[in-house]
Amino acid sequence: MINRDKNVPDNTIAVISGKRKHIDFKDIIFKPDKKREWFESNFYRCLPLTIANQYGFLVAADYDFSVIWNGGNMAGDLKIERYGQDQDSKIDIISHFGFGIFTIGLPVILRTPPGVNLMTMNPPNYIIHNATVMSGSIETDNLRHNFSINVKIHSPNVTMNFRRGEPIAAIMPIPRYFPDSFSLIRAEDIFDQNDIDEEKQSIKDFAIYRNKIEPTLKNHVNRMYLLGTDVYGNEFPDHQKP
């Protein structure tokens, strides 16, 4: 049994085809690129955005479809039109739960290493008009069947069109209990006053740099975070770059 007798390797998601054998899943579940169509060129100078663009895996349908919801709570109150779907299509888009929710059915079973969940979420920095992917955290190391991803429509009577290959959801591997293990604690309960004063001074010095020095630079862009240094030139340990 997977993850009992033999584990999924670290940093790996094992893909098990469902009813059909040897499904080529790479056009429906894939790593995201750092580019976004709506980004201006200067957006990519913001390292947090560029890094987040590449997190997790995107989910897309392999055919065009449209969705419209009339505002009711029954499954039949949401209508789906599929264009180009055939017997070889992989993703299944259905209305199952009602309440303006459509469900993305995956044709594969995803198994993660022991202790790692998959979280369903909006595709990072992709804008889905009039809809939000419902967040769910699934124990995909233990689950022995596939799972669905659900998308909630905001406003009724709006036709939403989705193109083949366009991201409609994302999945993110997260160690189980990791987010739950954090708490908010006053810095004074952890550090002495000298440490806290040093941090506060660095904030003041950064504000001086940003407000007085940086505007004289070309493009007025703060490159310290991008380069991985603080205002004093100290390098970040383990700094991630795109």
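Every value quoted in this text rests on a predicted model; they were computed, and no experiment measured them. (Residues numbered from 1 in each chain as written. Predicted model: local features only at pLDDT ≥ 70, side-chain atom pairs only at ≥ 80, totals over all residues. Heavy atoms only, no water.)

Asks: Just to check I follow, could you spell out the overall build of the protein for this structure?
Replies: A count of helical and extended segments in the protein gives three helices and 14 strands. The C-alpha radius of gyration computed for the protein amounts to 23 Å, which surpasses the reference 18 Å derived for 242 residues by more than 25%, pointing to a less compact arrangement than a globule. Taken along the three principal axes of its C-alpha coordinates, the protein extends 65 × 50 × 35 Å. Out of the 242 residues belonging to the protein, those deemed buried represent 33%. Considering only intrachain contacts with a sequence separation of at least 6, the fraction spanning at least 24 residues in the protein is 65%. Carbon and sulfur atoms make up 53% of the accessible area of the protein, which totals about 15,500 Å². Of the charged side chains in the protein, 28 are positive and 30 negative, and the gap between their average positions amounts to 5 Å. (Helix = DSSP H or I, 4+ residues; strand = E, 2+ residues; numbered from the N terminus. Rg over C-alpha atoms; globule rule 2.2 N^0.38 Å. Buried < 20%, exposed > 50% of the residue type's maximum accessible area, 1.4 Å probe, protein only. Contact = heavy atoms within 4.5 Å. Areas by Shrake-Rupley, 256 points an atom, 1.4 Å probe, with all protein chains shown as cover. Lys, Arg positive; Asp, Glu negative; His and termini not counted. Charge placed at Lys NZ, Arg CZ, Asp CG, Glu CD.)

Asks: Is there a simple way to think about unusual backbone geometry in this case?
Replies: Residues apart from glycine generally show negative phi values, whereas peptide bonds are mostly found in trans. Phi angles above zero are rare outside glycine, and Asn11 is one such case at about 60°. Secondary-structure assignment places Asn11 in the segment before strand S1 (14-17). Unlike most non-glycine residues, Asn125 shows phi in positive territory, near 60°. Secondary-structure assignment places Asn125 in the loop between strand S9 (116-121) and strand S10 (131-133).

Asks: What's the story with the environment of Asp86 in this structure? I'm lost.
Replies: Secondary-structure assignment places Asp86 in the loop between strand S5 (78-83) and strand S6 (92-98). For the pair Asp86 and Ile190, spaced 104 residues apart in sequence, the C-alpha to C-alpha distance is 60 Å. Side-chain polar atoms of Asp86 contact the backbone nitrogen of Asp88, separated by 2.8 Å. (Polar contact = N/O pair within 3.5 Å; in protein donor to acceptor, adjacent residues only side chain to side chain.)

Asks: In this structure, what is going on with the nonpolar core? I would like to understand it.
Replies: Ranked by internal contacts, the top residues of the largest apolar core, which has 32 residues, are Phe65, Ile93, Phe102, Ile104, Leu106, Phe147 and Ile149. When contributions to this core are tallied by element, the ones reaching two or more residues are strand S4 (64-69), S5, strand S7 (101-105), strand S8 (108-111), S10, strand S12 (148-153), strand S13 (160-162) and strand S14 (167-175). Ignoring any residue separated from it by four or fewer positions in sequence, one finds Phe65 in contact with Ile80, Glu81, Arg82, Tyr83, Ile93, Phe102, Met160, Asn161, Phe162 and Ile168. (Core = buried A, V, L, I, M, F, W, Y, C linked by side-chain atoms within 4.5 Å.)

Asks: What exactly am I supposed to notice about the packing of aromatic side chains here?
Replies: Each aromatic ring pair is summarised here by two numbers: the centre-to-centre distance and the angle between the ring planes. Under the defined criterion, the tally for this structure stands at 10 aromatic pairs. Where Phe178 meets Phe182, the ring centres are 5.1 Å apart and the plane angle is 85°; that geometry is what we call edge-to-face. Between the aromatic rings of Tyr225 and Phe236, the centroid separation amounts to 6.0 Å while the plane-to-plane angle is 70°, which identifies the pairing as edge-to-face. Here Tyr225 is found in helix H3 (residues 224-227), whereas its partner Phe236 is found in the segment after H3, with 11 residues between them in sequence. Three or more aromatic residues joined by ring pairs form one cluster here, namely Trp38, Phe39, Phe43 and Tyr44. (Phe/Tyr/Trp six-rings, centres within 6.5 Å; stacked < 30°, edge-to-face > 60°.)

Asks: Where do I start with the sheet that holds S9 in this structure?
Replies: Strands belonging to one sheet form pairs held by backbone hydrogen bonds; the direction of such a pair is parallel or antiparallel. The strand order S2-S3-S14-S9-S11 describes an open sheet built from five strands, whose pairing is antiparallel. Both outer strands of the open sheet, strand S2 (29-30) and strand S11 (136-138), are each paired with one neighbouring strand and no more. When S9 meets S14, the two strands line up antiparallel, connected through six bridges. Bridge pairing in S14 places Thr120 opposite Ile171. (Pairing = 2+ DSSP bridges.)

Asks: Where do I start with the pattern of salt bridges in this structure?
Replies: Oppositely charged side chains may form a pair once their charged atoms are brought near each other. Counted by the stated rule, this structure contains five salt bridges. Here Asp141 and Arg176 are joined by a salt bridge, their closest N and O atoms 2.3 Å apart. Residue Asp141 is located in the loop between S11 and S12, and its partner Arg176 is located in the loop between S14 and helix H2 (193-213); the two are separated by 35 residues in the primary sequence. Across the pair, Arg176 and Asp141 agree in class, each one buried. Arg186 is paired through a salt bridge with Glu188; the nearest N and O atoms lie 3.6 Å apart. Overall, Arg186 belongs to the exposed group, its relative accessible area being 55%. The exposure class assigned to Glu188 is partly exposed, which follows from its relative accessible area of 39%. Where salt bridges share partners, they join Glu139, Asp141 and Arg176 into one cluster. (Salt bridge = Lys/Arg side-chain N within 4 Å of Asp/Glu carboxyl O.)

Such coordinate-based values are descriptive only and should not be taken to indicate function.
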